[in-house]
Each structure stands twice: as C-alpha cells, then as structure tokens.
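Listed below, chain by chain, are the residues.
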Amino acid sequence: MTEAVNERPIMERLKTDTRSAHDDAEDQFFMRDLMAGTLPREVFAASLRPLQAIRACIEKHLQTNADHPAIAACIRPYHHFAHLYDSDVEYFGVASDRSAEDLKSVQEFCRLVKDAEDADPVNLLGIFYVLEGSNMGASMLRVKVQESYEIEGSEGTGAMVPHGRDLMPRWREFVECMNNLGLSAKQREAILASASNTFRVMGNLYREIYQPAES
Ligand code: HEM
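Conventions and cut-offs
Residues numbered from 1 in each chain as written. Predicted model: local features only at pLDDT ≥ 70, side-chain atom pairs only at ≥ 80, totals over all residues. Heavy atoms only, no water. Helix = DSSP H or I, 4+ residues; strand = E, 2+ residues; numbered from the N terminus. Rg over C-alpha atoms; globule rule 2.2 N^0.38 Å. Buried < 20%, exposed > 50% of the residue type's maximum accessible area, 1.4 Å probe, protein only. Areas by Shrake-Rupley, 256 points an atom, 1.4 Å probe, with all protein chains shown as cover. Lys, Arg positive; Asp, Glu negative; His and termini not counted. Charge placed at Lys NZ, Arg CZ, Asp CG, Glu CD. Axes fitted to C-alpha atoms, helices over the stretch in contact; angles between N-to-C directions. Parallel < 35°, antiparallel > 145°, perpendicular 65-115°, else oblique. Left-handed = near helix turned anticlockwise from the far one by under 90°. Contact = heavy atoms within 4.5 Å. Nonpolar A, V, L, I, M, F, W, Y, C, P; charged D, E, K, R; others polar. Phe/Tyr/Trp six-rings, centres within 6.5 Å; stacked < 30°, edge-to-face > 60°. Expected span 1.5 Å × (residues − 1). Donors = N, O, S within 2.8 Å, 3.2 Å for Na, K, Ca; no water.

Chemist: I keep staring at the overall build of the protein and nothing clicks. Help me out?
Modeler: Helices and strands together make up the secondary structure of the protein, namely 10 helices and 0 strands. A globule of 215 residues ought to have a C-alpha radius of gyration of about 17 Å, and the protein, at 17 Å, matches this closely. The dimensions of the protein, computed from C-alpha atoms along their principal axes, are 50 × 35 × 30 Å. For the protein, buried positions account for 47% of its 215 residues. Looking at the protein as shown, the accessible area adds up to about 11,100 Å², and 50% of this sits on carbon and sulfur atoms. On the protein, the mean spot of the 23 positive side-chain charges and the mean spot of the 34 negative ones are 3 Å from each other.

In structure tokens:
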C-alpha cells in the first residue's frame, strides 16, 4: 500500500468531497422538521428500528473483518453500539407491524455493505465514516428531541450520544487512524465512493421513513 507524498489526508478528502452530500442530508424533511421541532413523535419513534438495523449491519461486517489490518487499527469496541437502540425503542414504545429489515432502504444499505466488503473490506471504513460522523449532528439533534418530546432525562436518546463526553476525542482518534493507514490510491477512491453511496442510501432511508403530506 503506497501513498503519494502530496496526497491530501483521506479524512480531509472525505470531509470536502462529501460536503454537498452532507448539506443534502441536513436538508431532508426528516432533519429539517426535527430541527424545527415539528417532526411527529411517532415518526421519530419509527426511525429507531431502521437506524438500529443499519448500524447492526455495518457492525456485523466490521466484526467479521475484525482481523483486517485497517479495521483492526481503527475500529474499537466502543464503535459497536447498535444495542443502545433497544432502550430507546422501549422508551418510545414503538409498535410497528413492519420489520425494519423489510424497508427497501435498509436492504439497500445492507447490499451496499456486502458489495463494499466483497470488493475490499477496507471499503467498510468509508461506510462507517458516514455513520460515525453522523454522531456529531445527532448530539445536537438530541437537544431538539428532548425539547420536542418533553424528555427530561437521558431516556429515549441513548443511541444519539453513544460516546457521551468522549465524542470528540474518539472522533479525533478515528481521524488520525484513518489518515495513517497508508492506503493505495485505488483504496482511497473506493472509500470515497463508499462514503458517497452511504450518504445517498441514508437519504433514501429518511425519505422512506418520512414524506410530509405537503412535500
Ligand atoms: C440536521 C442534521 C444534521 C446536522 C445539524 C449535522 C451537523 C453536523 C456537525 C455540526 C458536524 C461537525 C462539524 C464539522 O466538522 O463539519 C457534522 C459532521 C458530520 N456529519 Fe452531520 N449533521 C446532520 C446530519 C447528518 C446526517 C444525516 C449524516 C449522515 C447520514 C451526517 C454525517 C456527518 C459526517 C460524516 C460528519 C463528519 C464530517 C467530517 O468532519 O469529516 N450528518 N454534522
């Protein structure tokens, strides 16, 4: 794995090259209404199982490839937190006849993970980047969730703050680790493509969960 001396660090490229995808993500009706405090409680509740399903999917594949050098270097036990959704779901009392795995976008996400892994397991880190980075937005959105649904304590929002006060130190550690992987040019491009695809599929997920009537 050789890296050109003048190549910009992979995490810088991920941030700049996916910036417009991030802006689009913030622009989703789901996010806009959540920020505005107008997202119906039952819609937020209905998002939890699908989000858990996609998190479980990437975590499962990271676990399968835990011995891959890049994954072993950058993924820590605290990155496995899909189980945190269980108590959030319990708090919101979600009752749905539809299993999260039946959603098209959840299936699409899991296919993306499988295809990325088949091509080169290092691509899983591009997918993981998007989900892990989204914890930063989630920590801000959590305050909105607590206000909107009149939640006084930490109940119902555990999966939005999986790292607690360690969010930024852990993110910085991930950034440094990724930048030091010594990726080949081909791997870098494939990781970038995986991250872009992940933003796209996440957009599909939020649209599948929520399309307000006036849209
Ligand atoms: C209203 C919704 C959202 C808000 C307010 C928000 C806000 C933020 C903020 C403040 C940061 C850190 C600041 C920075 O370094 O640029 C960030 C980073 C990030 N967010 Fe979001 N976000 C939102 C939605 C999402 C969604 C839905 C995703 C993915 C599905 C996402 C993925 C990321 C990623 C990957 C990063 C890391 C960027 C980097 O430093 O490389 N965000 N977000």
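Having seen it, we continue.
Chemist: Explain the packing of helix H8 (residues 124-148) against helix H9 (residues 167-179) here, please?
Modeler: The description of two packed helices rests on the angle between their axes and on the distance between the axes. Running from N to C, H8 and H9 point in directions that differ by 155 degrees, and their axes come no closer than 11 Å. When the axes of H8 and H9 are compared, the pair comes out roughly antiparallel. For the pair H8 and H9, the sense of crossing is left-handed. Contacts from Leu125, Phe128, Tyr129, Glu132, Gly133, Asn135, Met136 and Ser139 in H8 reach Leu167, Met168, Trp171, Phe174 and Met178 in H9. Broken down by class, the residue content of the contact of H8 with H9 amounts to 9 nonpolar, 3 polar and 1 charged.

Chemist: Mind showing me how you'd approach the packing of aromatic side chains here?
Modeler: On inspection of all chains with the given rule, the structure shows 8 aromatic pairs. Judged by centre distance (4.8 Å) and plane angle (40 degrees), the ring pair of phenylalanine 30 and tyrosine 206 falls under tilted. On the criterion of sequence distance, the pair formed by phenylalanine 30 in helix H3 (residues 29-36) and tyrosine 206 in helix H10 (residues 185-209) is long-range, its members being 176 residues apart. Judged on exposure class, the residue phenylalanine 30 and its partner tyrosine 206 are both buried. Ring centres of phenylalanine 44 and tyrosine 149 lie 5.7 Å apart, and the angle between their planes is 40 degrees; on these two criteria the pair is classed as tilted.

Chemist: What's the story with H8 in this structure? I'm lost.
Modeler: Given 3.6 residues per turn, any residue in an α-helix points the same way as the ones three and four places further on. Taking 1.5 Å per residue as the helical rise, H8 with its 25 residues ought to reach 36 Å, and the 34 Å between its terminal C-alpha atoms agrees with that figure. Phi for glutamate 150, located one or two positions after H8, is positive at around 50 degrees.

Chemist: Just checking my understanding: could you explain the coordination of the iron atom of the ligand for this structure?
Modeler: Note on metal geometry: ideal angles are 109.5 degrees for four donors arranged tetrahedrally and 90 or 180 degrees for six donors arranged octahedrally. Only one protein atom coordinates the iron atom of the ligand: His22 (NE2), located 2.1 Å from the metal. Within the secondary structure layout, histidine 22 lies in helix H2 (residues 19-27).

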